[in-house]
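Summary of the model geometry
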Amino acid sequence: MVIGAMAEGVSRSVEAVGDRVSETFFEPVIRLGVTGLARSGKTVFITSLVANLLDRGRMPQLAAAGDGRIAAAYLQPQPDDTMPRFDYETHMAALTGAEPHWPDSTRSVSQLRLSLKVRPTGLLGGLSGPRTVHLDIVDYPGEWLLDLGLLEKSYAEWSQEVLDRIASRPVAEDFRTQAAQMSGRRDWEEADAQALARGFTAYLEGARKAGFSDLTPGRFLLPGEMEGSPVLTFAPLPPERDAPRRGLWREMERRYEAYKSKVVKPFFRDHFARIDRQVVLVDALGAIHKGPQTVEDLRRTMADILGAFRPGRNAFLSRILMGKRVEKILFAATKADHLHHSQHGRLTGIMQALVRDAADRANFAGAKTHAMAIAALRATVEETMTYEGESLDCVRGRLMETGKLAALYPGELPEDPARLLNPARAGEAQWLDGDYQIMGFAPAPLRLKPGEGPPHIRLDQAAQFLIGDRL
Ligand SMILES: Nc1nc2c(ncn2[C@@H]2O[C@H](COP(=O)(O)OP(=O)(O)O)[C@@H](O)[C@H]2O)c(=O)[nH]1
Ligand SMILES: [Mg+2]
C-alpha cells in the first residue's frame, strides 16, 4: 500500500513540475475534459467546438473571438503519444458531407490538440505579439467515472450491491438465473468465467437500452482493446464464506481486483488527474422522454459521476491529485435544438436541479460550476404553428428514418423542475401532466460561408465559460 502510494505520488509530482515549467516559461496548455454517458453528445460537441474555433464566425460570445483577438487557430499533433487521436476529420465529414449523418459512436478515450494564437488585451496589447495557447481536448466516457466507486469496495461488497440492485429488474432475469445456477465454490474453469461475464455484459447492455445508467464496471460496455482479457472477464457472484482457493469465486475476486488496479487506477492517474476544465454533457431531454424512472436513474448516476469531482471523498484520488483540482465544470443539457428557444430556460433549470444534490454537498471543492442548455449542432429551425386554434412553438427538421421534413412540438416542460423530479423520485411509471416527445432529426445539409463553423446553440457561451478567461 505504502509503496504504491509513493510511486503514484512521485510520478504525479514529476508531471506536475513538467506542467508548471511549460506554463510559466513556454506556452500555456488548457486540458479540457469532455464527458457524459454514452449518446450524450460528446463526439458531436467536440467536433462542432473544434470546427467553430477554427472558423469563428458563429462564436461572438466567446470574448476573444468576438473581439477579434484570435489571430489563428490550427490543429497540432497531440502531445500524448500513446493516446488515440480524436478523429475530427472523419466526424466533421459525416456531419457536413453531401448526405449529412451523425458520426459513429466511439468507444474509448481520445484526444485532440488545437492551438490558438491570441493577441493580448489591454494597453500593452498592441506592443507584444500574439501568444500561443494550446487547448487539449480529452473525450472520455462518463461511465468510466462510475468505476471510481469500485476502488473502495471489495469484490464481495460490489457483488452484493449489484445483485441487490438488479433483483427487481426484468432485464436482469437471464443473468440472475445464470448466477443462481453457478456455485462460486466449484473449481475454476475459464469457460464458466467467460459465460458469466458474457451473461453479465448482456444484462448491462439490456439495462442501458432500458435507460438505466448505473452500469459498472464501466469498461464492460466500452471494452476497447481490452475486450476478452481476464480483467474484463468476471461477474458478480453471491458472497461465499471461506471460498476454496482454486475456486471460481476466488478467481473472480482476483480479476475484479486486477480490473481496479490495471484499468481503473491508470485511467484516473493518466487522464482524469490532469484535467483543468470539464464539461459534463447530459441528454436530459432523452431521459425525460423515456419517463420518470429514467430521469431518477439519471439523477442518481449523475451524483455518482460527479463524486469524482469531489476528491476529498476518495483516498486514492486525493493522493494522485495532490491538491490539483478541476477549476471549472460546465453541466450542459445537450440537443436543445429539439426545443423552441422559449423553453431553453426551463431545460437549464431542470439541468441545474438534476445536479443540485451533488453540487450542494461540496460545491466541487471550490470549482466554478455553471449549467446551460446547448445544441452542439443545430439540426432544426423554429416554427410557430397554429393547431386547433392554439399557437404552438415547434421545431422543424429532417427525420433520420425517412428523410422527410417534420415539425415537432415536444410538449411543455414545467417551469418548476420539481414537477419532473418529484414524480421521478417517487418512482412513478409515467408523467402525470404531460408527455414529452423527441424525434430523431438528421443533421441539416449545410452551406457554410467562409469563416463560419456549423450552426449551434450557445456553444460560444459554453466555450467562454470553459476557456474564455485563459484567452
Ligand atoms: N439534434 C441534435 N442531436 C444531437 C446533437 N448532439 C448529439 N445528437 C444526437 O445524439 C447522438 C449521440 O451523439 P454522440 O456525440 O455520438 O454521443 P457520444 O456517445 O456522447 O459521443 C447523435 O448520434 C445524435 O443523434 C445536437 O446538438 N443536436
Ligand atoms: Mg463519442
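Here the structure is a predicted model, which is why all the values come from computation and not from measurement. (Residues numbered from 1 in each chain as written. Chains lettered and ligands numbered in written order. Predicted model: local features only at pLDDT ≥ 70, side-chain atom pairs only at ≥ 80, totals over all residues. Heavy atoms only, no water.)

**Here's the deal with the overall build of the protein**
- Across its full length, the protein carries 15 helices and ten strands.
- The C-alpha atoms of the protein give a radius of gyration of 24 Å, which matches the 23 Å a tight globule of 471 residues would have.
- Over its C-alpha atoms, taken along the principal directions, the protein stretches across nearly 75 × 65 × 40 Å.
- Taking all contacts inside the protein whose residues are at least 6 apart in sequence as the whole, residues at least 24 apart take part in 78%.
- Per element, the accessible surface of the protein, about 21,600 Å² overall, is 51% carbon and sulfur.
- For the protein, the separation between the mean place of its 60 positive charges and that of its 61 negative charges on side chains is 4 Å. (Helix = DSSP H or I, 4+ residues; strand = E, 2+ residues; numbered from the N terminus. Rg over C-alpha atoms; globule rule 2.2 N^0.38 Å. Contact = heavy atoms within 4.5 Å. Areas by Shrake-Rupley, 256 points an atom, 1.4 Å probe, with all protein chains shown as cover. Lys, Arg positive; Asp, Glu negative; His and termini not counted. Charge placed at Lys NZ, Arg CZ, Asp CG, Glu CD.)

**Remarks on the site of ligand 1**
- Residues in close proximity to ligand 1 total 15 residues, the closest being Arg-39, Lys-42, Thr-43, Val-44 and Asp-337.
- Under a 2 Å grid-point criterion requiring more than half of the atoms, the pocket assigned to ligand 1 is the largest pocket.
- When its residues are assigned to classes, the shell around ligand 1 shows seven nonpolar, four polar and four charged. (Near = heavy atom within 4 Å. 1 Å grid on protein atoms, 1.4 Å probe; cavity = no way out; pocket = protein on both sides within 12 Å on 5 of 7 lines; lining within 4 Å. Sits in = over half its atoms within 2 Å of the grid points. Nonpolar A, V, L, I, M, F, W, Y, C, P; charged D, E, K, R; others polar.)

**Quick word on the sheet that holds strand E9 (residues 390-398)**
- The strand order E8-E9-E10 describes an open sheet built from three strands, whose pairing is antiparallel. Of all strands in the sheet, those bounded by a partner on one side alone are strand E8 (381-387) and strand E10 (405-408). Averaged over all pairs of adjacent strands, the angle between strand axes in this sheet comes to 40°, irrespective of strand direction.
- Note: E9 against E10, four bridges, orientation antiparallel. Among the inter-strand pairings, Arg-396 is bridged to a residue of E10, identified as Ala-407. (Pairing = 2+ DSSP bridges. Axes fitted to C-alpha atoms, helices over the stretch in contact; angles between N-to-C directions.)

**Here we look at the environment of Gly-349**
- Following the sequence through the fold, Gly-349 ends up in helix H13 (residues 344-362).
- Spatially, the C-alpha atom of Gly-349 lies 9.0 Å from that of Ala-373, the residues being 24 residues apart in sequence.

**So, the packing of aromatic side chains**
- On inspection of all chains with the given rule, the structure shows 20 aromatic pairs.
- With 5.8 Å between their ring centres and 65° between their planes, Trp-158 and Phe-234 make a pair best called edge-to-face. One end of the pair, Trp-158, is in helix H6 (residues 155-166); the other, Phe-234, is in the loop between helix H8 (190-209) and helix H9 (248-270), and 76 residues separate them in sequence.
- Aromatic pair Phe-220 and Tyr-259: ring centres 6.4 Å apart, planes at 85°, arrangement edge-to-face. One end of the pair, Phe-220, is in the loop between H8 and H9; the other, Tyr-259, is in helix H9, and 39 residues separate them in sequence. There is no split in this pair, since Phe-220 and Tyr-259 are both buried.
- Joined through ring pairs, the aromatic side chains of Tyr-155, Trp-158, Phe-175, Phe-200, Tyr-203, Phe-220, Phe-234, Trp-249, Tyr-256 and Tyr-259 make up one cluster. (Phe/Tyr/Trp six-rings, centres within 6.5 Å; stacked < 30°, edge-to-face > 60°. Buried < 20%, exposed > 50% of the residue type's maximum accessible area, 1.4 Å probe, protein only.)

**Observations regarding the sheet that holds strand E2 (residues 70-76)**
- The sheet built from seven strands is open, its strands ordered E2-E3-E4-E1-E5-E6-E7 with mixed pairing. At either margin of the open sheet sits one strand with a lone partner, and together these are E2 and strand E7 (368-373). Neighbouring strand axes in the sheet, compared pairwise and without regard to direction, differ in orientation by 20° on average.
- Pairing between E2 and strand E3 (residues 110-118): six bridges, direction antiparallel. Among the inter-strand pairings, Gln-76 is bridged to a residue of E3, identified as Arg-113.
- Lying over the sheet, helix H15 (residues 459-467) contacts strand E1 (29-36), strand E4 (131-139), strand E5 (277-282), strand E6 (328-333) and E7, oriented at roughly 160° with respect to E6.

**Notes on empty space enclosed by the protein**
- Taken as a whole, this structure holds three cavities of 30 Å³ or more when the rule is applied.
- Forming the boundary of the second largest cavity are Leu-285, Ile-288, His-289, His-338, Leu-339, Pro-410, Gly-411, Leu-413, Tyr-436, Gln-437 and Ile-438.
- Class assignment for the residues of the lining of the second largest cavity results in seven nonpolar, four polar and no charged. (Points joined across faces, edges and corners; volume = space filled by probe spheres on them.)

**Looking at the pairing of E6**
- Most of E6 is tucked away: six of the six residues are buried.
- Sheet topology places E5 next to E6; six bridges connect them, and they run parallel. Following the sheet pairing, Arg-277 is matched in E6 by Lys-328.
- Here E6 pairs with E7 via six bridges, running parallel. Residue Phe-331 lies in a different strand from E7, and its bridge partner there is Ala-371.

**Structural notes on unusual backbone geometry**
- Along the chain, Thr-216 connects to Pro-217 via a cis peptide bond; the corresponding omega equals -5°.
- Along the chain, Pro-217 falls in the loop between H8 and H9.
- The backbone phi angle of Arg-39 is positive, close to 70°, even though this residue is not glycine.
- The phi angle at Lys-335 is positive, at roughly 60°, despite the residue not being glycine.
- Looking at the secondary structure, you find Lys-335 in the loop between E6 and H13.
- Assessed through its relative accessible area of 25%, Lys-335 is described here as partly exposed.

**What to know about the side chain of Thr-348**
- By the element assignment, Thr-348 lies in helix H13.
- Not counting chain neighbours up to four residues away, the residues in contact with Thr-348 comprise Ala-371, Met-372 and Ala-373.

**Description of the packing of H8 against H9**
- Running from amino to carboxyl end, H8 crosses H9 at an angle of 60°, the nearest separation of the two axes being 11 Å. Classed by the angle they form, the pair H8 and H9 counts as oblique. Once H8 is placed against H9, the crossing between them reads as right-handed. Facing Glu-190, Asp-192, Ala-193 and Leu-196 of H8, the residues of H9 in contact are Leu-248, Met-252 and Arg-255.
- Of the residues assigned to the contact of H8 with H9, the class counts are four nonpolar, no polar and three charged. (Parallel < 35°, antiparallel > 145°, perpendicular 65-115°, else oblique. Left-handed = near helix turned anticlockwise from the far one by under 90°.)

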